[in-house]
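Fold and contact review
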Amino acid sequence: MSEGAPTAVPEREGLPAQSPPAAPDATTGSAGAGTPAAGGAATGAVVTGRADPARLGWLRGDASESMWRNLGLLGVLVVLIVIGAATRPDLYGNSAWVWDNILSILKLASVIGVVTVGMTFVIIGGGIDLSVGAIVALAGVWCTTLATQSYGAGGMIFCALVVGVCVGLVNGTLIAYGRLVPFIATLAMLVAARGLAAEISNKQTQVSSNTSINAIASDKILGIPLLVYILALVVAAGWVLLNRTTFGRRTVAVGGNPEAARLAGINVRLHTLLLYALSGLCCGIAAIMLTATANSAQAGMANLYELDAIAAAIIGGTLLSGGRGTIIGSLLGVIIFATITNLFAINGLSTESQNMVKGGIIIAAVLIQQFRFRSLTQFLARNKALTTT
């Protein structure tokens, strides 16, 4: 081999052999066609005649996926409204009824919406929580005992939040440090929490006599129920936490690849523990809201909330495998299910038919989600291959 001939960089630790740096171009002074000169700024030039991925447009990028998905969910809501107007034109012709119906849908979505925010964090973090409905029931029953009610509204709210967080911490400890599968750990908690709630309440309905708590469901601000404001605050806080904080970025990292997150310095176990505590906190908030709505609490309340929350998160685009999801998408999923429930109610259709429709929507959403994610990944891979050849 001649002394001036370039040599390839040898392979290291499984990395492919790298080509030597391109020799400077005698006429342009650059390090080769399409390569910025040493010390020069990258210009985003066209490589081999094909556009740089940065110039493909944000409408075709990975960041736009959630936007298109949310627009699709809004389209579904429009279709549901059109169906309602077509089936009950007598009702939709009354503007006052339409406004009241919108508020009813939002109020119906408020409690399960708060639970769904916590569920979305857990699923993005690579877990699942089947015990959210039971946690809501346990927190509601515990905060409506005579002993707790004697401390007033503040004592009831504090009790519900503490119970929710503590049960969430138990779930997180079993999963993160006990290394139990999330499905098994939370399924066991579902049974245990329901049993404890029945034991505390002696299988009786406990009436809430606190007027301040009961007023949460009836009070309005500017004509909008207070429950809707609570949902909006929880959703806003969840959005900021997921998209504007280190906690949110770590959640996505842990859900996408736990081992890579660990190697990057993230305490995966502690973060998993905090995710389930956050889910429990949301359940505690929902327990107060649901208790205020019914003016009572019992062990059987919030039945199947775990399935509704998971379904809403999936509809909103959260991947069951973790690492991907949005709070706004989950909120739209909750509103869609609440609108379907309302649509069936005003048309006098059975709950069984409603559940069958919900099941079909969930299956369709998962299939579409898998197709969209796979096709987007292939699209990005193809463009990356084209620009590097």
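Residues numbered from 1 in each chain as written. Predicted model: local features only at pLDDT ≥ 70, side-chain atom pairs only at ≥ 80, totals over all residues. Heavy atoms only, no water.

**Overview of the packing of helix α4 (residues 132-143) against helix α6 (residues 152-176)**
Viewed as axis vectors pointing N to C, α4 and α6 meet at an angle of 145°, and their least axial separation amounts to 8 Å. Taken as a pair, α4 and α6 cross one another with a handedness that is right-handed. Contacts from Ile 135, Leu 138, Ala 139, Trp 142 and Cys 143 of α4 reach α6 at Met 156, Cys 159, Ala 160, Val 163, Gly 164, Val 167 and Asn 171. Within the contact of α4 with α6, the residues separate by chemical class into 10 nonpolar, 2 polar and no charged. (Axes fitted to C-alpha atoms, helices over the stretch in contact; angles between N-to-C directions. Helix = DSSP H or I, 4+ residues; strand = E, 2+ residues; numbered from the N terminus. Left-handed = near helix turned anticlockwise from the far one by under 90°. Contact = heavy atoms within 4.5 Å. Nonpolar A, V, L, I, M, F, W, Y, C, P; charged D, E, K, R; others polar.)

**Re the packing of aromatic side chains**
Both the distance between ring centres and the angle between the ring planes are used here to describe each pair of aromatic rings. Taken as a whole and assessed by the stated rule, the structure comprises 2 aromatic pairs. For the ring pair Tyr 92 and Trp 97, a centre distance of 5.2 Å and an interplane angle of 70° mean the geometry is edge-to-face. Among the residues examined, Tyr 92 registers a relative accessible area of 22% and is labelled partly exposed. A relative accessible area of 22% means that Trp 97 is categorised as partly exposed. Ring geometry for Phe 121 versus Phe 247: centroids 6.3 Å apart, planes at 45°, classification tilted. On the criterion of sequence distance, the pair formed by Phe 121 in helix α3 (residues 95-124) and Phe 247 in helix α10 (residues 246-256) is long-range, its members being 126 residues apart. (Phe/Tyr/Trp six-rings, centres within 6.5 Å; stacked < 30°, edge-to-face > 60°. Buried < 20%, exposed > 50% of the residue type's maximum accessible area, 1.4 Å probe, protein only.)

**Observations regarding the environment of Leu 278**
By the element assignment, Leu 278 lies in helix α12 (residues 268-294). The class for Leu 278 is buried, based on a relative accessible area of 16%. Between the alpha carbons of Leu 278 and Gly 118 there is a distance of 6.1 Å; along the sequence they are 160 residues apart. In contact with Leu 278, not counting residues within four places along its chain, are Phe 121, Leu 241 and Phe 247.

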